[in-house]
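Overview (structure and organization)
Read off the chains here:
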Amino acid sequence: MKTVAVLLAAGNGTRFGADKTQIDLAGRPVWRWSYDVFATHPNIEEIVVVAGSGNLPILRAELGPSAVIVPGGATRQASARIGVEKAREFGDAVLIHDAARPFVSHAVLDRVMAEVAEGRAAAPGVPVADTVKRVRSGAVTETLDRSELVAVQTPQGARIADLLQAYATIGGKETTDDLSVLEAAGSPTTIVEGETRNFKVTLPEDLLRAQAIAGRTESRTGIGYDVHRFSEDASRHLWLGGVLFEGEIGLEGHSDADVVMHAATDALLGAAALGDIGVHFPNTDERWRNLRSEHFLKHAVALVREHGWRLANLDIAILAETPRIMRQALAMREAIARAMAVEIERIGLKATTNEGLGAIGRSEGIAAFATATIVRP
Ligand code: MG
């Protein structure tokens, strides 16, 4: 079964007074938190983002041209339906999620997906802490049995065919969530264990709670170092930071010998304690011979993302007597940011000579240091 996430970011925030999904939470907009959770789950085929007219250009700019973004409808249900219809192009099951729930976890996704795989529509739910009473005109008409109540969260999961059939069955009848569509159409649904931190940012006080949680982000730092000697082969090209230095003699090595990319890759792998470049790309393996080193960095980025990490920043120091490095600093930062799929502001780079001291000072080679800081909720 192929599962597609439908991220609902089309709400107009009437209860909040602003588009709450765009509010910054420790460096990422609210919607991006759950987007990244889906993006890093190994069993999510595609993410369909359902945008509002106000935030569609922002989401497009943030996610790039290859992202699947569709304009939403007038109501939550209409937007969900548009998302589900789009999702049909990529898979046969959906997880519909409110972009205003930033702290959904892979564990919750797994529990919902396990039910859907068994043919049951499902949503996470948590026990209701408060006693709930039914009230008419201020007078209590009933006190509900709390043990039978759950507060339902998202993602709500179902087979696409079942949901589309249910939409058709109920016609224009409005519901407040996706399981209700199936229930109204007479299909059984189930609740799996949710998490209290998977709450929805609905009111301004919810945002304070979200910021407190986001601020507790775990961070780790890794260091990378690499050095290669200049080649005696005058036909070798000099690659540094993913940039070709025209007319300069290259460094000796199995791959393109890009010390900057190698140090960056090791810093990133080191931060996540995932070994080093030699473990993942042994130089005894002919597949890596003369390969451009940006592939190593891209692979390392994919690995750390699978572990839930994202890059906070990468900083590089290059030690080289020659050539002059800094004239290509911007191009190197751009190439590294592109390989890591992050904004260029997260990549620092500087260079120094070694004041004539030692092997680097004698222009026998080039060395690079890098530090990477990675974060996860
Ligand atoms: Mg190396």
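Description of the structure in this document. (Residues numbered from 1 in each chain as written. Predicted model: local features only at pLDDT ≥ 70, side-chain atom pairs only at ≥ 80, totals over all residues. Heavy atoms only, no water.)

**Some remarks on the overall build of the protein**
- Secondary structure summary: the protein contains 12 helices and 18 strands in total.
- Along the three orthogonal principal directions, the C-alpha set of the protein runs to about 90 × 40 × 35 Å.
- Residues counted as buried form 48% of the 377 residues belonging to the protein.
- When the accessible surface of the protein is split by element, carbon and sulfur atoms take 51% of a total near 17900 Å².
- Here the protein carries 40 positive and 48 negative side-chain charges, and the mean point of each set is 5 Å from the other. (Helix = DSSP H or I, 4+ residues; strand = E, 2+ residues; numbered from the N terminus. Buried < 20%, exposed > 50% of the residue type's maximum accessible area, 1.4 Å probe, protein only. Areas by Shrake-Rupley, 256 points an atom, 1.4 Å probe, with all protein chains shown as cover. Lys, Arg positive; Asp, Glu negative; His and termini not counted. Charge placed at Lys NZ, Arg CZ, Asp CG, Glu CD.)

**Regarding the coordination of the magnesium ion**
- Around the magnesium ion, the protein supplies D226 (OD), H228 (NE2) and H262 (ND1) as donor atoms, at distances of 2.1 to 2.2 Å.
- Spacing between the donor residues of the magnesium ion along their common chain follows D-x1-H-x33-H. Of this pair, D226 sits in strand β13 (residues 218–229) while H262 sits in helix α8 (residues 259–271), and the two are 36 residues apart along the sequence.
- For D226, a relative accessible area of 15% corresponds to the buried category. (Donors = N, O, S within 2.8 Å, 3.2 Å for Na, K, Ca; no water.)

**What about the packing of aromatic side chains?**
- Per the counting criterion, the structure on display carries 5 aromatic pairs.
- A centroid spacing of 5.8 Å and a plane angle of 80 degrees characterise the contact between W31 and Y35, whose relative ring orientation is edge-to-face. One end of the pair, W31, and the other, Y35, are both in helix α1 (residues 30–39), 4 residues apart, so they sit about a helical turn from each other. Per residue, the accessibility class of W31 equals that of Y35, and both read buried.
- Linked through ring pairs, W33, F103 and F199 together constitute an aromatic cluster.
- The cationic tip of R28 hangs over the ring face of W33; the distance from NZ or CZ to the ring centre is 4.0 Å.
- Looking at R292, its charged tip hangs above the ring of W239, at a distance of 3.5 Å from the centre. (Phe/Tyr/Trp six-rings, centres within 6.5 Å; stacked < 30°, edge-to-face > 60°. Lys NZ or Arg CZ within 6 Å of the ring centre and 35° of its normal.)

**Points about unusual backbone geometry**
- Cis rather than trans, the peptide bond between T154 and P155 has omega equal to 15 degrees.
- Along the chain, the position of P155 falls in the loop between β10 (150–152) and β11 (156–159).
- Cis rather than trans, the peptide bond between T322 and P323 has omega equal to 0 degrees.
- On the secondary structure map, P323 appears in the loop between β16 (310–319) and α11 (329–340).
- Positive phi, close to 60 degrees, is recorded for S363, a residue that is not glycine.
- Among the secondary structure elements, S363 is positioned in the loop between α12 (358–361) and β18 (365–376).

**Topic: the packing of helix α3 (residues 76–87) against helix α5 (residues 160–170)**
- For the pair α3 and α5, interaxial distance at closest approach is 10 Å and the crossing angle is 140 degrees. Between α3 and α5, the crossing angle belongs to the class labelled oblique. Relative to α5, the crossing made by α3 is left-handed. Contacts between α3 and α5 involve Q77, A80, R81, V84, E85 and A87 on the former and, on the latter, I160, L163, L164, Y167 and I170. (Axes fitted to C-alpha atoms, helices over the stretch in contact; angles between N-to-C directions. Parallel < 35°, antiparallel > 145°, perpendicular 65-115°, else oblique. Left-handed = near helix turned anticlockwise from the far one by under 90°. Contact = heavy atoms within 4.5 Å.)

**Digging into the sheet that holds β13**
- The strand order across the open sheet built from 4 strands is β13-β18-β16-β17, with neighbouring strands paired in mixed fashion. Strands with a single pairing partner mark the edges of an open sheet, and in this sheet they are β13 and β17 (347–352). The average angle at which neighbouring strand axes cross in this sheet is 15 degrees, direction not considered.
- Strand direction decides the pairing type here: β16 and β18, joined by 9 bridges, are antiparallel. From the neighbouring strand, D315 faces β18, where its bridge partner is T371. (Pairing = 2+ DSSP bridges.)

**As for the pattern of salt bridges**
- Enumeration over the complete set of coordinates arrives at 22 salt bridges.
- D256 serves as the salt-bridge partner of R292, at 3.4 Å between the closest nitrogen and oxygen. Of this pair, R292 sits in the loop between α9 (277–280) and α10 (294–306) while D256 sits in the loop between β15 (243–249) and α8, placing them 36 residues apart in sequence.
- A residue is classified by how much of its surface remains accessible, and R292, at 24% relative accessible area, is partly exposed.
- On the basis of relative accessible area, D256 is assigned to the buried category, the value being 6%.
- Counted as one network, the salt bridges with shared partners bring together R76, D98, R101, D178 and K200. (Salt bridge = Lys/Arg side-chain N within 4 Å of Asp/Glu carboxyl O.)

**Observations regarding the nonpolar core**
- In terms of nonpolar packing, the biggest core is built from 45 residues, with L240, L268, L314, I336 and M340 touching the most fellow members.
- Looking at this core, the elements with two or more residues in it are β14 (237–240), β15, α8, α10, β16, α11, β17 and β18.
- Top contributing element to this core by residue count: α8, with 9 residues.
- Among the nonpolar cores identified, the runner-up in size contains 26 residues, and L7, I47, I69 and L95 belong to it. (Core = buried A, V, L, I, M, F, W, Y, C linked by side-chain atoms within 4.5 Å.)

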